[in-house]
Amino acid sequence: MADGLRLALVIAAKDVRAELRSKTALLSATVFAALVLVIFNFARDPTALSATDLAPSALWVTFAFAAMVAMNRSFTVEREHGALDGLLLAPVPRGALFTGKMLANLAFVAAVEAVALPLFILFFNVDLSRALPGIIGTAALATVGFVAVGTIFGAMAVRTRFAELMLPVLLLPFMVPPLIGAVQVTSRLLAARPLSEMMGWLRLLAVYDVVFVTLAALAFSFVVEE
Amino acid sequence: MPAEPPATGGYMVAAYVVAGTILLGYFLSLLRRAKRILKQRER
Amino acid sequence: MTGLSGAAPVVTLTRARAVVRRGIIISSIALIGIGVAAILALGFTPIEARQGLAQKIFYLHVPSAWSALLAFSLVGIAGGLYLWLEDPRLDLFAAASAEVGVAFAAVMLTTGPIWAKPIWGTWWTWDARLTLTLFLFFLFVGYLALRAAVHDRHERARFSAVVGIMGLLLVPFIHLSVYLFRTLHPQPIVLKPSAPSLPWEMLRTLLVSTVMFTLLYIGYVTIRYGIGLAIDAREQSDAG
């Protein structure tokens, strides 16, 4: 068990190091996130819709699409270098492979979110002093869910011809429950509502994570088998 | 005296026509594809 | 058992033909049955006082939603069984069920707005059933797109099975999200024609329609499955 985890970390570290060297996925995703935030601001009528009303949706749409860009690029880069096939020839247990890939994707997406969040605070003028820990926690909870699904769908999409289109088409329906939950919790956090009002949504996020991380991990071996 | 129900017959007709078109259209498409693939005998 | 070189295995094509024929018979019976149900709905069922004639869309809308959900559930279940048993017939069935499901989902998603407009004044309501079926539609489309994009048959079967199972497990989460969303954002009170206090004539017509729609699902899937068998037979003879 501990061996598997160590192996997963090695795989994750390899991916992260490769990305740090080329930086393409992180860069594209970050620029994308910034652009989305800017567009959200200009696409709203300030007299009709206040920044705080729009803020949770803007933040989460940004996170969702930027995450997709990041996960897409990470698999495409790998395919271009044929790295996945090399890994499969080695006797790597598939569970560790999935965990490693997922951790790497989580690291990418977390990095993009970490850049997008300050931009969000800046552009939308939100006061996050009290809500920040809650927002980070919610972001972690929701992100784990859709990164798990994105990791396995990415592994499938990369074997198809229109990989860049296939991943969003498959993934977007699966992002909706974590997205709805995250937006609902975020808007309540920003309005400083009591925790009891968010419990239903937080439970939804947690159960989603448990179910889909497990499912994705189990199904991964069927996707990469030869 | 109970009020007359609203005159929504047009919508009903539209819905039945649309549903019928989709179901029959799909049926015809299945028939056409089946005929095309089953038609050729041994070459 | 192959026929002459270059010929499709005769046994398999013959079988495909028989399956398609059976499917056509079942579908024809079902289509006539739906015609009967429509006549029942239009001529022999009372008109609902608050909605008028548009309420009769209900007898198409609900059964088609049920067929779409049935189709999708079976795609997921067949996928799971395929991963376990590796029987290619399960994959063939799943592909057929997905395509047929799209047709029924399309009926539901078109009759829904046509019904909603006169009753609630808007073309689209984010109610639980419509929203769920919309998601089913997207999941079906994604599933079929993936199948079209993968060429190796074993890979295609495995990938489809994974997406099918995950999609099926997504359904309760969508339902729950919509439910939570609506209880926290109260929508205007809507009419509930499917409430238990349905007069028996309406219930009877609904049941007849539902049975016939289910039969149509079976018929269409049978035809589509037969087509799949024929495609397989041809691919195998082309390759061999």
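Residues numbered from 1 in each chain as written. Chains lettered and ligands numbered in written order. Predicted model: local features only at pLDDT ≥ 70, side-chain atom pairs only at ≥ 80, totals over all residues.

Trainee: Pulling in residues and values, what's your account of the overall build of chain A?
Mentor: Assigned secondary structure in chain A consists of 8 helices and 0 strands. The secondary structure elements of chain A, listed N-terminal to C-terminal, are α-α-α-α-α-α-α-α. Rg of the C-alpha trace for chain A: 18 Å, near the compact-globule value of 17 Å for 226 residues, within the 12% margin. Dimensions of chain A, computed from C-alpha atoms along their principal axes, come out at roughly 60 × 35 × 30 Å. (Helix = DSSP H or I, 4+ residues; strand = E, 2+ residues; numbered from the N terminus. Rg over C-alpha atoms; globule rule 2.2 N^0.38 Å.)

Trainee: Provide a residue-level description of helix H2 (residues 58–85) of chain C, including the pertinent values.
Mentor: Residues separated by three or four positions in an α-helix point in the same direction, a consequence of the helix having 3.6 residues per turn. For H2 of chain C, spanning 28 residues, the distance from its first C-alpha to its last is 40 Å, which sits close to the expected 40 Å at 1.5 Å a residue. Once H2 of chain C ends, the next one or two residues include Glu86 of chain C, with phi positive near 60°. (Expected span 1.5 Å × (residues − 1).)

Trainee: I'd like to hear about the interface of chain C and chain A, residue by residue, with values.
Mentor: The interface is formed by 23 residues belonging to chain C together with 22 residues belonging to chain A. Elements with a minimum of two residues in the side of chain C that touches chain A: helix H4 (128–149) and helix H5 (153–184) of chain C. With 14 residues, H5 of chain C is the largest single contributor of residues to the side of chain C that touches chain A. For the side of chain C that touches chain A, a count of residues per class yields 19 nonpolar, 2 polar and 2 charged. (Contact = placed C-beta atoms within 7 Å. Nonpolar A, V, L, I, M, F, W, Y, C, P; charged D, E, K, R; others polar.)

Trainee: Any chance you could break down helix H2 (residues 24–42) of chain A for me, citing the residues and the numbers?
Mentor: Residue and element names in this part refer to chain A. With 19 residues, H2 extends 27 Å between its outermost C-alpha atoms, agreeing within 8% with the 27 Å of an ideal straight helix rising 1.5 Å per residue. Of the positions making up H2, those classed as buried are Ala25, Leu26, Ala29, Thr30, Ala33, Val36, Leu37 and Phe40. Each buried residue of H2 lies within a common arc of 125° when the element is viewed along its axis, so the set occupies one face. In H2, those exposed residues whose orientation departs by more than 90 degrees from the buried face are Val38 and Phe42. (Buried ≥ 20, exposed ≤ 12 C-beta atoms within 10 Å, placed from the backbone. Arc of directions from axis to C-beta.)

Trainee: Describe the arrangement of the chains, with residues and values.
Mentor: Considering every one of the 2 pairs of chains in contact, the largest contact total is recorded for chains B and C. Without any contact between them, chain A and chain B keep their closest C-alpha atoms 24 Å apart.

Trainee: I'd like to hear about the interface of chain C and chain B, residue by residue, with values.
Mentor: With 39 residues of chain C at the interface, the matching set in chain B holds 24 residues. Where the side of chain C that touches chain B is concerned, the elements lending two or more residues are helix H1 (10–43), helix H3 (88–120) and helix H6 (200–239) of chain C. Looking at the side of chain C that touches chain B element by element, the count peaks at 9 residues for H3 of chain C.

Trainee: An account of the environment of Phe173 of chain C is needed here, citing residue identities and associated values.
Mentor: Inspection of the secondary structure assignment puts Phe173 of chain C in helix H5. Once residues within four sequence positions are removed from consideration, Phe173 of chain C is found in contact with Pro177 and Tyr208 of chain A.

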